[in-house]
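# Coordinate inspection notes
Each chain, written out:
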Amino acid sequence: MAKSQFMSIRIEPTLKDRVETLFGEMGITTSDAVTMFFAQVVNRGEIPFTIRAKNPNAVTLSAIEETEDMISGKIPLKTFNVEDMDKWLEEDGASE
């Protein structure tokens, strides 16, 4: 089928230059790559790769692990009244 529709997108110039260079090395145009991407979305019924947030840093990973341990019962839940929570935060250095 002949291409007959036009699309216009905005993209960061450096990213555009880098991707066009790579596509050129692969022997395809940006239009070819977008067409292949769209065809895969239609064929699979989903985006053909996993989209993830950036990996969390060590502090966040530690907090996630601690929360999961509390949920599973491996460690007790921390419960506080307001005064005790303020004291715990000061001792832990979290209120800085």
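A brief look at the structure comes next.

Parameters and conventions
Residues numbered from 1 in each chain as written. Predicted model: local features only at pLDDT ≥ 70, side-chain atom pairs only at ≥ 80, totals over all residues. Heavy atoms only, no water. Helix = DSSP H or I, 4+ residues; strand = E, 2+ residues; numbered from the N terminus. Rg over C-alpha atoms; globule rule 2.2 N^0.38 Å. Buried < 20%, exposed > 50% of the residue type's maximum accessible area, 1.4 Å probe, protein only. Areas by Shrake-Rupley, 256 points an atom, 1.4 Å probe, with all protein chains shown as cover. Lys, Arg positive; Asp, Glu negative; His and termini not counted. Charge placed at Lys NZ, Arg CZ, Asp CG, Glu CD. Phe/Tyr/Trp six-rings, centres within 6.5 Å; stacked < 30°, edge-to-face > 60°. Patch = residues over 30% accessible without salt bridge, like charges linked within 9 Å, V, L, I, M, F, W, Y side chains within 5 Å. Salt bridge = Lys/Arg side-chain N within 4 Å of Asp/Glu carboxyl O.

## Things to note about the overall build of the protein chain
Counting its secondary structure elements, the protein chain contains 4 helices and 0 strands. Mapped in sequence order, the helices and strands of the protein chain form the string α-α-α-α. The C-alpha radius of gyration of the protein chain comes to 25 Å, more than 25% above the 12 Å expected for a compact globule of 96 residues. Across the 96 residues in the protein chain, those meeting the buried criterion constitute 4%. Accessible surface, the protein chain as shown: approximately 9,000 Å² in total, 57% of it carbon and sulfur. Mean positive and mean negative side-chain charge positions of the protein chain (10 and 17 charges, respectively) differ by 12 Å.

## As for the environment of Pro76
Within the secondary structure, Pro76 sits in the loop between helix 3 (58–72) and helix 4 (82–92). Between the C-alpha atoms of Pro76 and Leu61, which are 15 residues apart in sequence, the distance is 19 Å.

## Thoughts on the packing of aromatic side chains
For the structure shown, the criterion picks out 2 aromatic pairs. Where Phe37 meets Phe38, the ring centres are 5.9 Å apart and the plane angle is 50 degrees; that geometry is what we call tilted. Owing to a relative accessible area of 31%, Phe37 belongs among the partly exposed residues under this scheme. Since its relative accessible area comes to 38%, Phe38 is described here as partly exposed. Geometrically, the ring pair formed by Phe37 and Phe49 is tilted, given 6.0 Å between the ring centres and 35 degrees between the ring planes. Taken as a pair, Phe37 in helix 2 (residues 30–44) and Phe49 in the loop between helix 2 and helix 3 lie far apart in primary sequence, 12 residues in all. An aromatic cluster is defined as three or more aromatic residues linked by ring pairs; in this entry it consists of Phe37, Phe38 and Phe49.

## Topic: a nonpolar patch on the surface
Together, Met7, Ile9, Ile11, Leu15, Val34, Phe37, Phe38, Ile47, Phe49 and Ile51 make up an exposed nonpolar region whose accessible area comes to about 950 Å². The element that contributes the greatest number of residues to the nonpolar patch is helix 2, accounting for 3 residues. With respect to the helices, strands and loops of the structure, Val34 is situated in helix 2.

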